[in-house]
Amino acid sequence: ETGVTQSPTHLIKTRGQQVTLRCSSQSGHNTVSWYQQALGQGPQFIFQYYREEENGRGNFPPRFSGLQFPNYSSELNVNALELDDSALYLCASSLWLSNQPQHFGDGTRLSIL
Amino acid sequence: GENVEQHPSTLSVQEGDSAVIKCTYSDSASNYFPWYKQELGKRPQLIIDIRSNVGEKKDQRIAVTLNKTAKHFSLHITETQPEDSAVYFCAASKTTMIKAAGNKLTFGGGTRVLVKP
């Protein structure tokens, strides 16, 4: 069984730039959720994708957007980067409405200078 | 929306002692409560979870209790070992078919547990 994989592991950007983070879901999973974890805090829900559509969104502005592909992998895009976007971005996969838990990837550490 | 509060924020215990972490939630519709352990620089790993139709669940040295009436749940670690040192997060969600609810996990702020040898 292949677990959740994310790329890249680390990324450094400057304010105003755009970034794309990638996630491959665990085999057999069809739902991907993205979370932002600031240093010393719990993860915050950004949005979730199922059947290539956004299914629920947290309190994040529209410059945070995503995609899900037919193979269930997903991308998180952030435009007009701000210093506060510096965080660990976690992807979690699960099986839609299966009553099974979400499993996380190792995350992408994004630093904004 | 859901709000989850977690206490304490830090917990230092002697090896072999027990550790207890408590969480409260605000949304009475929440029905799923996982606990994650996150070691420095690593992914959150699910260690135990409980659903709202169960009051207690145990897995070796780890147990979780749920009080739906009071809207709080707790993690109990017995016979703590140095490898239990990590940050622990509680979370809550509701499994629903309503779009836009998202089955999202709402996390507590975390508890840093240090087990002293």
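Residues numbered from 1 in each chain as written. Chains lettered and ligands numbered in written order. Predicted model: local features only at pLDDT ≥ 70, side-chain atom pairs only at ≥ 80, totals over all residues. Heavy atoms only, no water.

(A) Region of the structure containing unusual backbone geometry. Proline 8 of chain A follows serine 7 of chain A through a cis peptide bond whose omega is -10°. In this structure, proline 8 of chain A sits in the loop between β1 (5-7) and β2 (10-13). Residues histidine 7 of chain B and proline 8 of chain B are joined by a peptide bond in cis, for which omega reads -5°. Within the secondary structure layout, proline 8 of chain B lies in the loop between β1 (4-7) and β2 (10-14). Located in the positive-phi region is tyrosine 72 of chain A, a residue other than glycine, with phi close to 80°. Following the sequence through the fold, tyrosine 72 of chain A ends up in the loop between β7 (64-68) and β8 (74-78). (Helix = DSSP H or I, 4+ residues; strand = E, 2+ residues; numbered from the N terminus.)

(B) Layout of the interface of chain A and chain B. Every contact between the two is made by 25 residues of chain A and, on the other side, 21 residues of chain B. Taking both sides of the interface into account, the surface hidden between chain A and chain B amounts to around 1900 Å²; carbon and sulfur atoms contribute 51%. Joining chain A to chain B, the criterion identifies one salt bridge. Aspartate 106 of chain A is paired through a salt bridge with arginine 43 of chain B; the nearest N and O atoms lie 2.7 Å apart. The interface formed by chain A and chain B includes five residue pairs in polar contact (both at pLDDT 80 or more). Looking at the side of chain A that touches chain B, the elements with two or more residues in it are β4 (31-37), β5 (44-50), β6 (53-57) and β9 (87-94) of chain A. It is β6 of chain A that contributes the most residues to the side of chain A that touches chain B, five residues altogether. Classifying every residue of the side of chain A that touches chain B by side-chain character gives ten nonpolar, eleven polar and four charged. (Contact = heavy atoms within 4.5 Å. Buried area = accessible area lost by both parts, 1.4 Å probe. Salt bridge = Lys/Arg side-chain N within 4 Å of Asp/Glu carboxyl O. Polar contact = N/O pair within 3.5 Å; in protein donor to acceptor, adjacent residues only side chain to side chain. Nonpolar A, V, L, I, M, F, W, Y, C, P; charged D, E, K, R; others polar.)

(C) Geometry of the state of the cysteines. Residues and elements named next belong to chain A. Per the counting criterion, the structure on display carries two disulfides over all chains. The disulfide that involves cysteine 23 links it to cysteine 91, with 1.8 Å between the sulfurs. Here cysteine 23 and cysteine 91 share a disulfide; its torsion about the S-S bond, -55°, makes the bridge left-handed. Of this pair, cysteine 23 sits in strand β3 (residues 19-24) while cysteine 91 sits in strand β9; the two residues are 68 residues apart in sequence, bridging distant segments of the chain. (Disulfide = S-S within 2.5 Å.)

Just geometry here; none of it tells us what the structure is for.
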